[in-house]
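These are the residues of each chain, in order.
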Amino acid sequence: MAIVPKTFLYNVLLQFALGTVATQDDLKYVNPLIGSTNGGNVFAGASLPYGLAKPVADVDGQNTGGFSTDGSNVTGFSHMHDSGTGGNPSMGNFPLFPQYCVDNLVDNCKFPKTARAVHYKNDSVVAKPGYFALTLEGGIQAEMTAARRTALYRFTFPESKLPDGSDLNPLISLDLTDLWDSRQNASISIDAENGRIKGNGTFLPSFGAGSYQLYFCADFSGDAIDGGIWVNDRGGSVKELFVTRGFNNFYLQAGGYMTFDRPNDGVVTVRVGVSFVSTDQACQNAVSEVSDPDSDFDGLRKHAEDAWKEKISPIKVTPGGVSDDMLSSFWSGIYRTMLSPQDLTGENPLWKSDEPYFDSFYCLWDAFRAQHPFLTIIDPQAQSKMVRSLLDTFKHEGWLPDCRMSLCKGWTQGGSNADIVLADAYVKNLTGIDWELAYKAMVNDAENEPLEWSYEGRGGLQSWKHLDYIPYLDFDYIGFGTNSRSISRTLEYAYNDYSVAVVGKGLGKKDYTTYLSRSNNWQNLYKDNQTSLLENGTDTGFTGFFQPKYLNGTWGYQDPIACSALASWCSLTSNPSETFESSIWEYLFFVPHDMAKLIKLVGGPESFVSRLDYFHTSGLADMGNEPVFLTVYDYHYAGRPGLSASRAHAYIPSSFNATHNGLPGNDDSGAMGSFLAWSMMGLFPNPGQNVYLIIPPFFEAVEVTHPETNKTATIRNVNFDKTYNNIYIQSATLNGKPYAKSWVPHEFFTQGMTLELTLGDEESHWGTRKEDLPPSLSDSLAGVDANGM
């Protein structure tokens, strides 16, 4: 008879008591419509995890992600989208539009976008993982689901008669355009006899340089009566068309159509395969993934649901009585982390490779902070493939991407932040990665300036190496880019170089000390006598901020509140400044690798906490943009982890909730969703470091089963209350032993540790001693152990 360890029996009994042994269907809590208005820009349609095909209704209002619940009109149903992005609407290529034509005359149909736009019935929208549906005014219902590279639509046409009693014939048009009318040229061919429309087009990326070609293959069910092309507001039986953009601002409207005898049940299905390689491959994708469009819809939807259930299955929660809205917000955030990047393996025409290819890194400046660390714990195999894809892009194009979409290079927002993604993967031991190649790519970012650094690498490297900062109005004749953001680039380059040093040291590279030294360059833009006034002239009461510095070492000036939520927006194209999409106030807290030195510079822990409090309560903090994320948890570094918990509760659920406007800003491909998921789980990463900062979970207990080691990590609250009065840790145990550190390493997940937190309604001394604080570079160099537990 085998002897069962007491700890095993204890854990089984405890899990049974907490109700986490029986798995519930957590997918029911996912609501893709969270963030579908108020600038969340989420993709609300059907998709597989990391899927290329993403069908949804497109509207003429907030249509960055295709659909919005802002009450605008539907202009079509298209097959590819990105989620949560800013800037121009993304993709939305080759939209379909179902309609009846007055008197069954094709020229009576409404072909151009503005003419065909129609409202949908507000109570008809259904959005679930792998499924989207709505009903247009007039009664036509549109349903859609997806395979990896194929969208499947089911249009139900209500019965409609002509005056003589005969049926009106359904017509479905296809438009050779995209969401922001960026088409440069396109071709289409119609095979009405076999119910197939094929074509391709050349389009512009929504936030990058160059262009991309996309191909489609649409197969229609039912008895086709006729098919042809349309141009502007007229159609005809011509079967082929090539169209250019048009002259100046005159954008040519053009596409194809198919008409049908209305089936008895009114249902016409359309299978649309897509490809970046060729029309033939688009057709092959469709046939191989959806062999029988008429009967595969429900099965395809079920397959998508099962795929999503599997992806979110590593996480289990014991709700402890919290509301369904809180659960919906949590699980929906997790869901959105796996909509992008998109797996385009086999769909990359730019080079041949056996490595994975992922696209829609939109952008790493947003995603490195929380999304990629989150995928590392719940889907490490996919994250490893994404890292390999980044490295393969470096291998074939010469640079790690900082932003990439639709096979194109996206604009660089700050530093070379793929370096942080690589460092994070390294310290967390992701497998299957060529680390020698990774280090070569990271050193290339740090040492070599590209000719065009607006979409790859770093600019100003001569100044970076010789002046130890990026100057205001830098003289940079080697490469070209938007010569702004000198403060944010200095701070980001410093952390990028720290990431290079981490990997270099681990690999035994002697030159890692060069990058470790450069990681201190952020200090060179700190002006200790700089004050900050509000717009009404009131002194904020704080002295010491980052400021721009000229080539000759003299100080420039940027108002510390500029580019904040209290002032004007600053981006690459709108009001470019010395900080990117963020203020000097916000960037003051961005020294992730050496918070101890930063805290010392601003006057010590008490002064630092006072600044953080002011930042978060004055309106300066922009919770709708990613640089703010770590500031919520920076209190840990000043020995006040309880204030991090309090601050997280100040934003959840006030800014992050289960409503249609339940995001404070662009979801940015799942960045906002991952911030929410981490916060509600009770841990938050400092990316590129083996550190997770601890607060109490928003549930009674959370379990994460590592997909590779199959070990289950557990965070459990004692004295949990669903009203969140008890949000302060009084004491903790790790694997049954007292634990005072305010952070845990990645081994917590891979080894399946158990963290038990005893809670109270007042801040305590837990996690406040110097030896309990998260590691900082200057402490490590001073001999303090920054790696042990």
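Residues numbered from 1 in each chain as written. Predicted model: local features only at pLDDT ≥ 70, side-chain atom pairs only at ≥ 80, totals over all residues. Heavy atoms only, no water.

**Observations concerning the state of the cysteines**
For the record, the criterion: By convention in this document, the label disulfide applies to cysteine sulfur atom pairs within 2.5 Å. Runs of E in the DSSP output that reach at least two residues are strands. Runs of H or I that reach at least four are helices, and both are numbered from the N terminus. Relative accessibility decides the category of a residue: with a 1.4 Å probe and only protein chains considered, values under 20% of the type maximum give buried, values over 50% give exposed, and everything between is partly exposed.
According to the stated counting rule, one finds four disulfides in the structure shown. With its sulfur 2.2 Å from that of its partner, Cys217 forms a disulfide with Cys283. What sets the handedness of the Cys217 and Cys283 disulfide is the S-S torsion sign, and at about 95 degrees it is right-handed. Here the residue Cys217 occupies a position in strand 11 (residues 212–220), and Cys283 occupies one in helix 3 (residues 279–289), the gap between them amounting to 66 residues. Accessibility expressed as a relative area gives 0% for Cys217, which makes it buried. On the accessibility criterion, Cys283 (9% relative accessible area) is buried. Cys563 shares a disulfide with Cys570; S-S distance 1.9 Å. Linking Cys563 and Cys570, the disulfide has an S-S dihedral of approximately -80 degrees and is accordingly described as left-handed. An identical accessibility class is assigned to Cys563 and Cys570; each is buried.

**Here's the deal with the UniProt feature "domain: Glycosyl hydrolase family" (unreviewed entry) in the protein chain**
Which entries qualify depends on this criterion: UniProt positions are given in the numbering used here, feature names are shortened, and annotations may be inferred rather than shown by experiment.
As recorded in UniProt, the sites labelled "domain: Glycosyl hydrolase family" (unreviewed entry) are residues 281–761. Here residues 281–761 runs as 37% helix and 13% strand, with 60 Å between its end C-alpha atoms.

**Re the packing of helix 8 (residues 380–397) against helix 9 (residues 418–427)**
As a reminder, the rule being used: Fitted lines through C-alpha atoms give the axes, limited to the stretch in contact for helices. The angle between two N-to-C directions lies from 0 to 180 degrees. Should an angle fall under 35 degrees it is taken as roughly parallel, and over 145 as roughly antiparallel, whereas 65 to 115 is taken as roughly perpendicular and any remaining angle as oblique. Here is the rule for handedness: rotate from the far helix to the near one, and if that takes an anticlockwise turn smaller than a right angle the crossing is left-handed, while a clockwise turn gives right-handed. The criterion used for residue contact is that any of the two residues' heavy atoms lie within 4.5 Å.
The contact between helix 8 and helix 9 brings their axes to 11 Å, and the two run at 135 degrees. Taken as axis vectors, helix 8 and helix 9 run oblique relative to one another. The two elements helix 8 and helix 9 cross, and the hand of that crossing is left-handed. Contacts between helix 8 and helix 9 involve Gln383, Val387, Leu390 and Leu391 from the former and Val421, Leu422 and Ala425 from the latter.

**Comments concerning the pairing of strand 31 (residues 754–760)**
Just so we agree on the cut-off: Paired strands, as defined in this entry, are two strands with at least two bridges between them according to DSSP.
The element strand 31 is largely enclosed, with a buried count of five among its seven residues. The pairing of strand 27 (residues 712–718) with strand 31 spans five bridges and is classified as parallel. What sits directly across from Asn717, in strand 31, is Leu757. Strand direction decides the pairing type here: strand 28 (residues 728–734) and strand 31, joined by six bridges, are antiparallel. Note that in strand 31 the partner of Tyr728 across the bridge is Gly760.

**Observations concerning the packing of aromatic side chains**
This is how the line gets drawn: We call Phe, Tyr and Trp rings a pair once their centres come within 6.5 Å, taking the six-membered ring for Trp, and we label the pair stacked below 30 degrees between planes, edge-to-face above 60, and tilted otherwise. Put simply, a charge is over a ring when the Lys NZ or the Arg CZ is close to the ring centre, within 6 Å, and near the line of the ring normal, within 35 degrees.
One pass over the structure, following the stated rule, counts 48 aromatic pairs. Taking 5.0 Å as the distance between ring centres and 80 degrees as the angle between the ring planes, the aromatic pair formed by Tyr426 and Trp435 counts as edge-to-face. For the pair Tyr426 and Trp435, a shared accessibility class is recorded, and that class is buried. Between the aromatic rings of Phe675 and Phe684, the centroid separation amounts to 5.6 Å while the plane-to-plane angle is 70 degrees, which identifies the pairing as edge-to-face. Both residues of the pair, Phe675 and Phe684, count as buried. Its guanidinium or amino end placed over the ring of Trp555, Lys549 lies 4.5 Å from that ring's centre, counting from NZ or CZ. Sitting above the plane of the Phe545 ring, Arg611 keeps its charged end 5.0 Å from the centroid.

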